[in-house]
Amino acid sequence: MKVRVLTALVMVAVLIPFLIFSDTFAWPLLICAMTAIGIFEMLRCTGMLRKIYAAIPAFLVGVGFPAVLRLLEANGIDPLRTFFILGVCLTTWNMISCVFSKGGFTMQNALMTAGMTLYISFGFSVLILLRDMENGKFVFLLSLLIPWMSDVFAYFTGVLFGKHKLIPEVSPKKTIEGSVGGLIAGTVIAVLYVWLIAKLSDAEADLFVVALAAFVTAALSQVGDLIMSVIKREYGIKDYGTLFPGHGGILDRFDSVLVTTPFLYFLLTLSETLIVIR
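Residues numbered from 1 in each chain as written. Predicted model: local features only at pLDDT ≥ 70, side-chain atom pairs only at ≥ 80, totals over all residues. Heavy atoms only, no water.

### What about the overall build of the chain?
Helix and strand counts for the chain stand at 11 helices and 2 strands. For the chain, the succession of helices and strands along the chain, N to C, is α-α-α-α-α-α-α-α-β-α-α-α-β. For the chain, whose C-alpha radius of gyration is 19 Å, the value lies close to the compact-globule estimate of 19 Å for 278 residues. Across the 278 residues that make up the chain, the buried fraction comes to 47%. Carbon together with sulfur atoms contributes 72% to the accessible area of the chain, which is approximately 14,000 Å² in total. Across the chain, the 20 positively charged side chains and the 18 negatively charged ones have centroids separated by 10 Å. (Helix = DSSP H or I, 4+ residues; strand = E, 2+ residues; numbered from the N terminus. Rg over C-alpha atoms; globule rule 2.2 N^0.38 Å. Buried < 20%, exposed > 50% of the residue type's maximum accessible area, 1.4 Å probe, protein only. Areas by Shrake-Rupley, 256 points an atom, 1.4 Å probe, with all protein chains shown as cover. Lys, Arg positive; Asp, Glu negative; His and termini not counted. Charge placed at Lys NZ, Arg CZ, Asp CG, Glu CD.)

Written out as structure tokens, the structure is:
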């Protein structure tokens, strides 16, 4: 417990300067680093790290996209269309590699490598897209705040009150009580955050919409955690890495964020009711 708490405090201390200067090159630089580490952890987990013909394209596409994201935006190039094209190219390359690998690179390997590379890259890259939106300096923090607060309160609620297992075949320690506690906490904290930001910035906020969006986001964050747990179980590992003592690797700590960021981004592109500046 002490190690987890200390590591969490150090993580927050390191992250704060990047959040403050998120409108500079520092933020994409951090996102690229996290994406590279995440892809490395996934390739190592699946045993594909030594398959050079799969690993190199994965890093080029996965890390290259967030690296050029703001450049694409500055030149009026649609980043989502670009990502789609890169995804098709990477998937096609992997399937071609499967054909000529003489059994050393199965179709399952090809699709898993491409799919998880794109999943990790897009999940992290959207943190840049969120930051660059109107009011992005406020709303992009929600994609971190909601899943992390939901995770923290789910853990402590589960420890204190947990009696009924959630999905023991996937994650033996998670409980229904913990899940409910995380959902409530993630929703309430998000509403309080948006209400405070609206007051301080003389903005209007539809708190009902915020609560609904936060509840769905908190639920998705828990699903994201379980998705990565399924992969770990299938490949027989406990953690993706050891970068964060007591927490595991990048994918262990940001597994829920990879799901919440795309959801919030697409929600905000469809609706401006979360925070509307007067």
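### Some thoughts on helix H9 (residues 207-235)
Since the α-helix advances by 3.6 residues per turn, residues separated by three or four positions end up pointing in the same direction. Over its 29 residues, H9 extends 42 Å from the first C-alpha to the last, a length consistent with the 42 Å expected when each residue adds 1.5 Å. Where H9 begins, one side-chain oxygen reaches toward the backbone nitrogen of phenylalanine 208, 3.2 Å away; that side chain belongs to aspartate 206. Backbone geometry just downstream of H9 places glycine 236 in the positive-phi region, at approximately 65°. (Expected span 1.5 Å × (residues − 1). Polar contact = N/O pair within 3.5 Å; in protein donor to acceptor, adjacent residues only side chain to side chain.)

### Re the layout of surface pockets
Estimated volume of the second largest pocket: approximately 580 Å³. For the second largest pocket, the lining is made up of 22 residues, of which Ala8, Val12, Trp148, Met149 and Val152 are closest to its centre. For the lining of the second largest pocket, the secondary-structure elements that each account for two or more residues are helix H1 (2-20) and helix H7 (142-161). Broken down by element, the residue count for the lining of the second largest pocket peaks at 9 residues, all from H1. For the lining of the second largest pocket, a count of residues per class yields 18 nonpolar, 1 polar and 3 charged. (1 Å grid on protein atoms, 1.4 Å probe; cavity = no way out; pocket = protein on both sides within 12 Å on 5 of 7 lines; lining within 4 Å. Points joined across faces, edges and corners; volume = space filled by probe spheres on them. Nonpolar A, V, L, I, M, F, W, Y, C, P; charged D, E, K, R; others polar.)

### Looking at the packing of aromatic side chains
With the rule as written, the count across this model stands at 9 aromatic pairs. With 5.4 Å between their ring centres and 75° between their planes, tyrosine 53 and phenylalanine 105 make a pair best called edge-to-face. On the criterion of sequence distance, the pair formed by tyrosine 53 in helix H3 (residues 52-74) and phenylalanine 105 in the loop between helix H4 (79-100) and helix H5 (107-131) is long-range, its members being 52 residues apart. For phenylalanine 105, a relative accessible area of 1% puts it in the buried group. Ring geometry for phenylalanine 83 against phenylalanine 122: centres 5.0 Å apart, planes inclined by 40°, an arrangement best described as tilted. With phenylalanine 83 in helix H4 and phenylalanine 122 in helix H5, this residue pair connects regions lying 39 residues apart in the sequence. Assessed through its relative accessible area of 12%, phenylalanine 83 is described here as buried. Aromatic rings pair up to connect Phe65, Phe83, Phe122, Tyr265 and Phe266 into one cluster. (Phe/Tyr/Trp six-rings, centres within 6.5 Å; stacked < 30°, edge-to-face > 60°.)

### Describing empty space enclosed by the protein
Evaluated as defined, the whole model comprises 2 cavities of 30 Å³ or more. There is about 30 Å³ of room inside the second largest cavity. Contributing elements (two or more residues each) for the lining of the second largest cavity: helix H2 (26-46) and H5. Per-element accounting of the lining of the second largest cavity gives the leading share, 4 residues, to H5. Its residues placed into classes, the lining of the second largest cavity shows 4 nonpolar, 3 polar and no charged.

So far we have only geometry, and geometry alone does not tell us how the molecule works.
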